[in-house]
Amino acid sequence: MLEQLAVVLDALPYILQGALVTLGIVGGAMSLGLVMGIPMAVGLVYGPRFVRFILGIYVWFFRGVPILTLMFLFYFGIFDLLGLNLSALSATAIVLGMTSAAYQSQIFRGSIEALPQGQLKASRALGMSDMQGVCSIILPQALRLSIPGWSNEFSIILKDSALAYVVGAMDMFTRTHFVASRTYEHLTLFITAGAIYFIITMVGVKLLLTLEKKVRIPGYTT
Amino acid sequence: MLRTTRVLMLALGLVLMFGTGAFAEKTYINGIDANYPPFAYVDKNGEPAGFDVDSLNWIAKKLGFKVVHKPMEWSTIVQSVLSNKIDMVYSGMSITPERAAKVNFSDPYYTVASVYAAKKGSGLTVDKIQHDKVRLGVQSGTPQVEWLKEHMGKENWNFTLKFYDSAPLAFQDVMNGRIQAVAMDAAPVNDAIGRGLPLAVIDTFGDHDDFGVAINKDNAELLELINKGIKMLKADPYWEVLKEKHLKGNDH
Amino acid sequence: MATPILQMQNICKTLSGKEILRSVSLDINRGELKVLIGPSGAGKSTFLQCINYLLTPEHGQIVLEGNIVDTASKKELYSYRQQVGMIFQDFNLFDHLTALDNVAIALRKVKGMSKKEALDIAHKELDRVGLSDKGNLYPAELSGGQKQRVAIARALAMEPKVLLLDEPTSALDPELVGEVLSVIRDLAKEGLTMIMATHQMDFARALADEIVFMQQGEIIERGSPASLLKEGSGTRTADFCNKLSDMCEEID
Ligand SMILES: Nc1ncnc2c1ncn2[C@@H]1O[C@H](COP(=O)(O)OP(=O)(O)OP(=O)(O)O)[C@@H](O)[C@H]1O
Ligand SMILES: [Mg+2]
C-alpha cells in the first residue's frame, strides 16, 4: 500500500505535466471547434443551398469517420502534403477541433432553430442587415442555449484527447502508461489518472454551469 | 565595386559552409517505445532511459552527433520513419521481412529468444500451454504473434491469443489471472522478474529474434553512421557494462 | 393634391405555389390611418410584410415619397425599412435584451449612435408608451400588453415615416387590449401615418380614415368607416363585421 503511494507520489509531477498537455489539447480543440462551429451553424441554418450542402458534407465526414482514422489521415497524410510540420500536440488539437466543429455546429444549429424566428424578422424590420441580426440578436441567445450541450462536448473531447497517444503527444494518458510500464503499478496509476480526468471534468462542467447561471436571461424559461 | 562585393559574398558563403559544417553537430530524432523496458522506458524524472537509449547516446557521443529520444506510439512508429517525423527507431525493434520492405535495418545488434512465461508456481508446461485451452498474452505487432498464428493452425494448438499494447500490461493480466501465460521476447520478461514480479520463464519457443535500428531508405548516410557506431560499441568494454546494467546477464 | 407618402402598386405574391396577393394597390397620405380587415387567410399579414419587404413580391413596386424603392440595393432596402416600421402580432421582442436595450439596439447598430445617445432616446420612447419604470426588465418579465408597448417604442425610436401594425392586440388577454390601443390612438392623434390590420371594429370605426376590406388576396371594398359600416349599407364589410360581433356574443 505504502509502496504504491510512493510510486504515485513519485510519478505525480510527471503525470500532472501531462494533464497540462491534455488541457492544452482540449482547450485548443474546443476553441477551434467554437470558432469554426458558430459560422458553420449560421451557414447551415441561413446559408444558400450550396453552402448548406458543403457544410453538410463536412459534418457528415467528421461525424462518420472514427477519430483514430482522422488522426492518421491528417497527421501522416494531409498535414504532410500541405507541408505543415505540426507538433503532435497541435496536430491532435487541430484534428479534435475540426471534429468538434462538426458536433458544435450541430449544437449551435439546434439552438438557433429552437429560437422564435420572429426575432430575426423584427431585426430586419428595423433596418438591420441579416449579418447584424444574426450576430446581435440570434447568436447571443443561441450561445446561451448551447452551454449545456457544450459542457457535454467538453467532457467528450477530454476523453478523446487520450487518443493523442497514437501520434505521440505526451498527454496524461500516455505518460501514465509509461510510468506504469516501468513500475508495474498499472491499476494504481490509471486510477490516479482517472481521478485527475474526473476532477478536470467536474471543474470544467461546474465552471460552465456557473457561466450558464451568470448569463441566464431573467424570467426566461424554455 | 560590384566585383569586390561578389568576392566578399563568396568568401562569406565559404566561411558559412565550412564553418558551420565543422562546428554544428547534426541532431537526429530517435523514436522509442517507452513502454518496453529494459530497452526503452522513461525514468523517474520523465527522461528516456534503457539499454537502447544508453547505447545510442554512447554512439552519438563517439561519432559527434546529437540525438533526441522521442517516445512514440509503437503501432505507427514505422509510419513515422517513413514520413520523416523521426530519423530512426533504435528501440528493441525486431527485424522482420514486413518491416524490412519499408525501412532499412542496421546490422543486428542484439538477439533475444522468445519465451513462454507464467505466474511463478503455476505448474504450466509448454505442452499444457499448447494443448490445454490456455489464454495466452502477446504484444500486438511483434514477430511472436506471426510465429504463433502460423504454427497454431498447423499443429492444432488450442490456446487463444490475447493482444496487448505493451508487455507490462500483459504481465498485469497474468498477475490478476485474466490470462494464464504470455509469449514474448525474453528481455521484458526478465526485466519484470528483475523488478520483483512473480513471473517465471517456462521455456523458449520459435525463432530467435534480432533487434536492428530502423532507418528511412532514403537516408543511407545515417545507416552507415549507425552501423559504424554499433560496431564500435560492441567492441568497447562499455557494451558489457550496459548489458550488466540493463539486462542482468540475460544474454543469448 | 400632394403625392401620397407611400404607394403600393400591383403587389403580387405567391407562397408555395399559391397566389396569396393578386395585384393589390394601395396609397396612403401623410397622417392617415388605414385599417385592413378581412377574414382569416385573406392575405393581410402577407400584404403588410410585403410593404416593408420582409417578403419580396414577385410583381409590383413601392413608392416612398415619390421615389421607387430599389430593392436590388441592400443599402436602399435597409434604409427603406428604417423608414417603414413594423409591429407584429406576437411582439417579437429580443428576449436577451432589457426593454431599454430592445429599443436602443437598432439605434446603435443601424444608426450608429453612441450607447448614451441611444439609451437617452430609448428612455424617451418608453416614457411615451407609459413604460418609463420598466426599462430594466427583460421581455420574460413583462405582460403581453407591456411587451407590445415596448415593441411600439422600439419601432418609434427609428422615427419611421409609416408604421405598419399586424393585429397588434390579437395575442393579448382582453383586459390588456385597451392599454395598447390607447397608445396607438395617441399616435394617430399625433399624426403618425399607419396601416393596421385589426379585428377591433370599434377602434376602426372611431379612428380610421379609411377601412380596406380584403378577401382572397384582393381588396374588395374600401371607404370611410361611416359609409362602409352604416347599418343596412349592405356592404361586405358590414356583413363581415356583423358576423364578427355575433361570434363575440356567442363566445361571451
Ligand atoms: N409560407 C407560406 N406558405 C404557403 N402559404 C402561406 C404561407 N404563409 C401564409 N400562407 C397562406 O397565405 C394566406 C394568407 O395568409 P395571411 O397570414 O396573409 O392571412 P391573414 O389575412 O393575415 O390572416 P389572419 O387574419 O389569420 O392573420 C393563407 O391562406 C395562408 O395559409
Ligand atoms: Mg395575419
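Conventions adopted
Residues numbered from 1 in each chain as written. Chains lettered and ligands numbered in written order. Predicted model: local features only at pLDDT ≥ 70, side-chain atom pairs only at ≥ 80, totals over all residues. Heavy atoms only, no water. Near = heavy atom within 4 Å. Polar contact = N/O pair within 3.5 Å; in protein donor to acceptor, adjacent residues only side chain to side chain. Areas by Shrake-Rupley, 256 points an atom, 1.4 Å probe, with all protein chains shown as cover. Helix = DSSP H or I, 4+ residues; strand = E, 2+ residues; numbered from the N terminus. Core = buried A, V, L, I, M, F, W, Y, C linked by side-chain atoms within 4.5 Å. Buried < 20%, exposed > 50% of the residue type's maximum accessible area, 1.4 Å probe, protein only. Contact = heavy atoms within 4.5 Å. Phe/Tyr/Trp six-rings, centres within 6.5 Å; stacked < 30°, edge-to-face > 60°. Lys NZ or Arg CZ within 6 Å of the ring centre and 35° of its normal. Buried area = accessible area lost by both parts, 1.4 Å probe. Salt bridge = Lys/Arg side-chain N within 4 Å of Asp/Glu carboxyl O. Nonpolar A, V, L, I, M, F, W, Y, C, P; charged D, E, K, R; others polar.

**Q** Help me get a handle on the site of ligand 1, residues and values and all.
**A** All names here are of chain C. Looking at ligand 1, there are 13 residues lining it, with S40, G41, K44, S45 and T46 nearest. Contacts to ligand 1 include A42, whose backbone N or O atom sits 3.2 Å from an oxygen atom. A distance of 2.6 Å separates an oxygen atom of ligand 1 from a polar side-chain atom of S45. Isolated, ligand 1 exposes 640 Å² of accessible area, and the fraction of that covered by the protein chains is 63%. Looking at the shell around ligand 1, the elements that each hand over two or more residues are β2 (18-28) and α1 (44-51). In terms of residues, the shell around ligand 1 owes the most to one element, α1, which gives three residues.

**Q** An account of the nonpolar core is needed here, citing residue identities and associated values.
**A** Soluble globular proteins tend to bury their nonpolar side chains together. One finds C:L6, C:F47 and C:I51 to be the most contacted residues of the largest nonpolar core, which totals 89 residues. Excluding its chain neighbours within four sequence positions, the residues that come into contact with C:L6 are C:L26, C:D27, C:I28, C:I51, C:I62, C:V63, C:L64, C:Y80 and C:V162. In terms of nonpolar packing, the next biggest core, distinct from the first, is built from 52 residues, A:F62, A:Y75, A:M98 and A:V166 among them.

**Q** Hey, could you go over the packing of aromatic side chains for me, with residue numbers and the actual values?
**A** Taken as a whole and judged by the stated rule, the model has 25 aromatic pairs over all chains. Taking the centre distance of 5.4 Å and the plane angle of 55° together, the rings of A:F74 and A:F79 count as tilted. Judged on exposure class, the residue A:F74 and its partner A:F79 are both buried. Here the aromatic cluster, defined as three or more aromatic residues joined through ring pairs, consists of B:Y36, B:F39, B:F51, B:Y90, B:Y109, B:Y110, B:F211 and B:W239. Over the aromatic face of A:Y75 sits the side chain of B:K85, whose NZ or CZ is 4.3 Å from the ring centroid. Between B:R195 and the ring centre of B:Y41, over which it is positioned, the NZ or CZ distance is 5.4 Å.

**Q** I'd like to hear about the interface of chain A and chain C, residue by residue, with values.
**A** Residue-level contacts link 23 residues of chain A with 24 residues of chain C. Taken together, both faces of the contact between chain A and chain C bury some 2000 Å²; the carbon and sulfur share is 68%. On the chain A side of the contact with chain C, A:K121, A:A125 and A:L126 bury the most area, a combined 28% of that side's loss. Between the two partners, chain A and chain C, sit zero salt bridges. Linking chain A with chain C are six residue pairs in polar contact (both at pLDDT 80 or more), by the criterion used here. Those elements that place two or more of their residues in the side of chain A that touches chain C are α5 (118-125) and α6 (130-160) of chain A. Residues that form the side of chain A that touches chain C fall into these classes: ten nonpolar, nine polar and four charged.

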